[in-house]
Amino acid sequence: MRAITFDIRLARIAAAKAMGALSPRAYVSGLGPTRCERVSDPVLPGDDWLIVEPRLAGICGSDVMQVFLEAAADNPLSAVVSSPHVMGHEVVGVVVEAGKAARRFARGDRVVVSPWLPCAPRGLPPCEACQKGRYPLCASFFEGKLAKGMHLGNCRDVGGGFAEAMALHESMLFAIPDGVDLASAVLADPFAVALHAVLRAPPERGETVLVYGCGSLGLLAIQILAVLFPGVTVLAVDHKPRLRDYVTKLGAVRLFTSRGRDLVGEVAEHLGAPLRKPFRGLPWIQAGVDKIYDTVGSSGSLEIGVRIVRPRASIVVVGVSQPRRFEWTPLYFKEVALLGSNAYGIESLAGTEKHAIDIFLELLRDQRIALDGLVTHRYPLEKFAEAFMAVYDKRKSGAIKVLFEPHSLPEVR
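Here is a short report on the structure shown in this document. Keep in mind the model is a prediction, meaning the values are calculated, not measured.

**Structural notes on the overall build of the protein**
What the protein contains, in helices and strands, is 13 helices and 18 strands. Counting only C-alpha atoms, the protein reaches 65 × 55 × 40 Å along its principal axes. Out of the 413 residues in the protein, the part that is buried amounts to 55%. About 18,200 Å² of surface is accessible on the protein, with carbon and sulfur atoms providing 51% of the total. Positive and negative side-chain charges of the protein, numbering 48 and 43 respectively, have mean locations separated by a distance of 5 Å.

Encoded structure:
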């Protein structure tokens, strides 16, 4: 079968050849560590596993960092990667074969894939984190019958969704309700990531919050805040003015598109807060926003963030960028809570506990969220270079969410 693979050995060779001096397209050429090639068809590793044909698979920001070798050389998470592996973890598909012990799904079922590889797929009893539904914090990513790896797309023993077929443990699948199309369901993973980030510091009625970055995560976070947290005022930051109408349609009252000093000044003016001006560097405000959901996670977004929040506010960092220095004195001065947000699992919302993907599918089924406009590009696997370049240069392509279509076949109901 065809699949898009990544080989960390080739990545090391590419880095040694100083690919950073070349154009971005070199990373998706024969010089880079990513390939579209033929690999062995998946087989069932156990009776409670299934074979799924991916129909749509989204490109995540972490995929882009992997392909273009943008992670820092000393990134600790490289310890949780086994290679070579098939990429892709935002997947919807159709079951084509079920192991004899599989009980919840049968051939023809449409499913959303949860990409995590915690204790259950590894054939292990649940660790403390898995017992609590905190699967991204599982203690067993290095253990069990599978090679090390956190989720699909970084484990050599379980292929990802940028392929024509994949073997998955039954615990990793969620049934797509009737009436929900695959093009909407494929946004389950980024929605769940955004939902978990919001629930790390849920806003209270009357608060003003800010979403930093309006890629797919940020746009979904805006809608989550608008739909699930009435009475909250939502602001947004992104440097693409073309998104202004779309952002306000989703529920934000204003999109700020400026940078640096101008951005801090505009937020202060909007809030009616006086600017505090140091001898050098950017100004800051004290009576700032109550919470920030940072889907960029860069030194620039963090520096702006600590300057525009109120004292004892929370900043939730869900974006992934290379670490760089930033002036963070307001962090301690304002006693700001800086929170990390890692994927999703069982979430507490409105007094109930459910898996984030179940929450997403129920909202879709009940037509409480609208995802029109988020998916902007689709590509077959063999056009992987064009797909990754569209995500890499969003200003040129206008991309929000880019999908692969491993099978150009009608949906199976």
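Past the structure itself, the notes keep going.
**Observations concerning the packing of helix α5 (residues 188-200) against helix α11 (residues 356-365)**
Relative orientation of the contacting elements α5 and α11 amounts to 110 degrees, with a least axis distance of 9 Å. When the axis of α5 is compared with that of α11, the two are roughly perpendicular. Once α5 is placed against α11, the crossing between them reads as right-handed. Across the interface between the two elements, A188, F191, A192 and L195 from α5 touch A356, I357, I359, F360 and L363 from α11.

**Notes on the pairing of strand β6 (residues 110-113)**
Burial along β6 is two-sided: R110 and V112 and V111 and V113, pointing in opposite directions, are all buried. With three bridges connecting them, strand β5 (residues 90-98) and β6 associate as antiparallel partners. Following the sheet pairing, G93 is matched in β6 by V111. Pairing between β6 and strand β8 (residues 173-175): three bridges, direction antiparallel. The residue bridging V112 from the neighbouring strand is F174, located in β8.

**Notes on the side chain of Q66**
Examined against the element boundaries, Q66 turns out to sit in helix α2 (residues 61-67). Here H85 takes part through its side chain, which lies 3.3 Å from a polar atom of the side chain of Q66. For Q66, the contacting residues outside a window of four places in its chain are F6, H85, M87 and G153.

**Quick word on the pattern of salt bridges**
Per the stated rule, a full pass over the model turns up 14 salt bridges. The residue K291 makes a salt bridge to E207 at a minimum N-O spacing of 2.8 Å. With K291 in strand β12 (residues 289-294) and E207 in the loop between α5 and β9 (208-212), the pair connects residues that are 84 residues apart, well separated along the chain. Measuring nitrogen to oxygen at the nearest pair gives 2.7 Å for the salt bridge that ties R312 to E335. Residue R312 is located in strand β13 (residues 309-317), and its partner E335 is located in the loop between α10 (329-333) and β14 (337-340); the two are separated by 23 residues in the primary sequence.

About the thresholds
- Residues numbered from 1 in each chain as written.
- Predicted model: local features only at pLDDT ≥ 70, side-chain atom pairs only at ≥ 80, totals over all residues.
- Heavy atoms only, no water.
- Helix = DSSP H or I, 4+ residues; strand = E, 2+ residues; numbered from the N terminus.
- Buried < 20%, exposed > 50% of the residue type's maximum accessible area, 1.4 Å probe, protein only.
- Areas by Shrake-Rupley, 256 points an atom, 1.4 Å probe, with all protein chains shown as cover.
- Lys, Arg positive; Asp, Glu negative; His and termini not counted.
- Charge placed at Lys NZ, Arg CZ, Asp CG, Glu CD.
- Axes fitted to C-alpha atoms, helices over the stretch in contact; angles between N-to-C directions.
- Parallel < 35°, antiparallel > 145°, perpendicular 65-115°, else oblique.
- Left-handed = near helix turned anticlockwise from the far one by under 90°.
- Contact = heavy atoms within 4.5 Å.
- Pairing = 2+ DSSP bridges.
- Polar contact = N/O pair within 3.5 Å; in protein donor to acceptor, adjacent residues only side chain to side chain.
- Salt bridge = Lys/Arg side-chain N within 4 Å of Asp/Glu carboxyl O.

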